[in-house]
Amino acid sequence: MSSKNTRDRVASLAGVSSATVSRVYNTPEKVSPARREAVLKAARQLGYSPDKSASALRRKGTGQISLVSIRKKDRPWYWGDFPGAKWFFTDVLQGILDVVEDSMYRLNLKSLHSAEEISSVSWEKECDGIIFFDIDDPREAEAVASCSVPTVIGHHTMDYRGCNRCSTDNTAGGELAGAYLKSEGYEKPVYISYLPELILSSRQRYEGFQNAYGDSREVPLLLSEPGKKGGYEAAETLIDSIRKGEVDSLGIVNDMTAVGVIQCLLDRGIKPGRDVGLIGYDNMPFNYVLPFSLASVDLRPAVLYRECVSMLLEILKSDGQEGDPRSRTILPRLVEGDSV
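Residues numbered from 1 in each chain as written. Predicted model: local features only at pLDDT ≥ 70, side-chain atom pairs only at ≥ 80, totals over all residues. Heavy atoms only, no water.

(A) Structural context of the sheet that holds strand β7 (residues 221-223). An order of β7-β6-β8-β9 is seen for the 4 strands of this open sheet, with the pairing classed as parallel. On the outer flanks of this sheet lie β7 and β9 (277-279), each paired with one strand and no other. On average, adjacent strands in this sheet sit at an angle of 20° to one another, irrespective of strand direction. Relative to β9, strand β8 (residues 249-252) runs parallel, the two sharing 3 bridges. Residue pairing in the sheet places G251 in a bridge with I279 of β9. (Pairing = 2+ DSSP bridges. Helix = DSSP H or I, 4+ residues; strand = E, 2+ residues; numbered from the N terminus. Axes fitted to C-alpha atoms, helices over the stretch in contact; angles between N-to-C directions.)

Below, the structure written as structure tokens:
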């Protein structure tokens, strides 16, 4: 059956015109939410997918959107290199696909060795627009500005005002973490972090945590190596202070480090969540595989990158006439935990 006949069947099942079905995929902002959902539901039911290649030819474009990641080989430490962090990219990819699949574009994945490589790619031959994954360095943001097609950057991007960006708010996330411990009655926290002088997200999370306690308490900052080993070693230095009641809770820059903290505390007979308060950051999917629920702060990566691709599609629908840089911030959310 031809694509046109299937489109007509979708229109009939959804109770709309065939032209409305086309608009849902080409200019969805011109269709009411109710009709748009009816068309997409009918399309899923009938297995209908628009001919994206034909649409690209009509637009004189490639019909492709690229999701581009830049390797961070020159970093002293990069969270994405940890095996336990691979779930994050899966969430990002699913969030993007949720939007792209209902558009007239296909998704292309590309990895670059460095930010300097950006200027060497003939982007207009590869794609109509780009989502850059995890731009967290001014050099990367500057290189993105040289692209010959529309771009949107995510997710540690609040300081990059010259780019189209969708950002998390690490300061707000740190405040959530501190407010959680404070609401549980903890008044003597220590915050465990890594390289806040170099890593902006680490610095912002600590600043937000401190904001939650305000002038009532200057939260000590304990620096450690990241990950399980670093968390274990950091917690070891605090055991005596915890037993003496000088420290009653721990805020931790990420969940990977929190795992090491938890292991050390349990080895020393201290129960996190009971004997000492604890909260991590990133909401890694521990709750599905471990016999405890760790309180954490969720960046909501799928939501954040859905906004990235939605913004890019809006720019492409305006024929690439971007105007002033666009920005959206997706606020993190608190995920409460149980005693360990």
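(B) Region of interest: helix α13 (residues 301-317). Here α13 is 17 residues long and its end C-alpha atoms lie 24 Å apart, about the 24 Å a rise of 1.5 Å per residue gives. Of the positions making up α13, those classed as buried are P301, L304, Y305, C308, V309, M311, L312, L313, I315 and L316. (Expected span 1.5 Å × (residues − 1). Buried < 20%, exposed > 50% of the residue type's maximum accessible area, 1.4 Å probe, protein only.)

(C) Spatial organisation of the packing of helix α10 (residues 227-236) against helix α12 (residues 255-267). The N-to-C vectors of α10 and α12 enclose an angle of 45°; their axes lie 6 Å apart at closest approach. Between α10 and α12, the interaxial angle falls into the category oblique. Along this stretch, α10 crosses α12, giving a crossing that reads as right-handed. Contacts from G227, K228, G231, Y232, A235 and E236 of α10 reach α12 at M256, T257, V259, G260, V261, Q263, C264 and D267. (Parallel < 35°, antiparallel > 145°, perpendicular 65-115°, else oblique. Left-handed = near helix turned anticlockwise from the far one by under 90°. Contact = heavy atoms within 4.5 Å.)

(D) Region of interest: the nonpolar core. Core analysis: the largest hydrophobic core is formed by 67 residues, its most contacted members being I131 and L250. It is α13 that contributes the most residues to this core, 9 residues altogether. Ignoring any residue separated from it by four or fewer positions in sequence, one finds I131 in contact with I65, S66, L67, V68, I96, V152, Y305, C308, V309 and L312. (Core = buried A, V, L, I, M, F, W, Y, C linked by side-chain atoms within 4.5 Å.)

(E) Examining the pattern of salt bridges more closely. Enumeration over the complete set of coordinates arrives at 15 salt bridges. Here the salt bridges share partners, and the residues they tie into one network are K72, R75, D136 and E140. (Salt bridge = Lys/Arg side-chain N within 4 Å of Asp/Glu carboxyl O.)

(F) Local environment of the pairing of strand β3 (residues 129-133). Of all 5 residues that make up β3, 5 are buried, and the element is covered over most of its length. Of the two faces of β3, the one carrying G129, I131 and F133 and the one carrying I130 and F132 are both buried. As paired strands, β3 and strand β4 (residues 151-153) are joined by 3 bridges and run parallel to one another. Within β4, the residue paired with I130 across the bridge is T151. Between the parallel pair β3 and β4, the chain is carried across by helix α7 (residues 138-144), and the sense of this crossover is right-handed. (Right-handed = clockwise from strand over helix to strand, strands pointing away.)

(G) Spatial organisation of the state of the cysteines. Tallied over the full model, the rule gives 0 disulfides. C147 supplies the cysteine sulfur nearest to C163, a cysteine that is in no disulfide, at a spacing of 9.5 Å. (Disulfide = S-S within 2.5 Å.)

(H) Highlighting the pairing of strand β6 (residues 189-193). Most of β6 is tucked away: 5 of the 5 residues are buried. Neither face of β6 is exposed, since P189, Y191 and S193 on one face and V190 and I192 on the opposite face are all buried. In this sheet, β8 lies alongside β6 in parallel orientation, the contact comprising 4 bridges. Across the sheet, Y191 pairs through a bridge with G251, a residue of β8. As paired elements, β6 and β7 share 3 bridges and run parallel to each other. Bridge pairing in β7 places Y191 opposite L221. Regarding the hand of the β-α-β motif, the stretch spanning β6, helix α9 (residues 200-213) and β7 is right-handed.

(I) Main features of a nonpolar patch on the surface. A cluster of nonpolar side chains, Y288, V289 and L290, forms an exposed patch at the surface whose accessible area comes to about 380 Å². For Y288, the location among the structural elements is in the loop between β9 and β10 (296-298). (Patch = residues over 30% accessible without salt bridge, like charges linked within 9 Å, V, L, I, M, F, W, Y side chains within 5 Å. Areas by Shrake-Rupley, 256 points an atom, 1.4 Å probe, with all protein chains shown as cover.)

(J) Examining the packing of helix α8 (residues 170-183) against α9 more closely. Here α8 crosses α9 at 40°, and the two axes come no closer than 6 Å. Taken together, the axis directions place α8 and α9 in an arrangement best described as oblique. In this structure, α8 meets α9 at a crossing whose hand is right-handed. Contacts between α8 and α9 involve N170, T171, G174, E175, A177, G178, A179, L181 and K182 from the first element and S201, Q204, R205, G208, F209, N211, A212 and Y213 from the second. Here the residues of the contact of α8 with α9 sort into 6 nonpolar, 8 polar and 3 charged. (Nonpolar A, V, L, I, M, F, W, Y, C, P; charged D, E, K, R; others polar.)

Shape descriptors only; they carry no functional weight alone.
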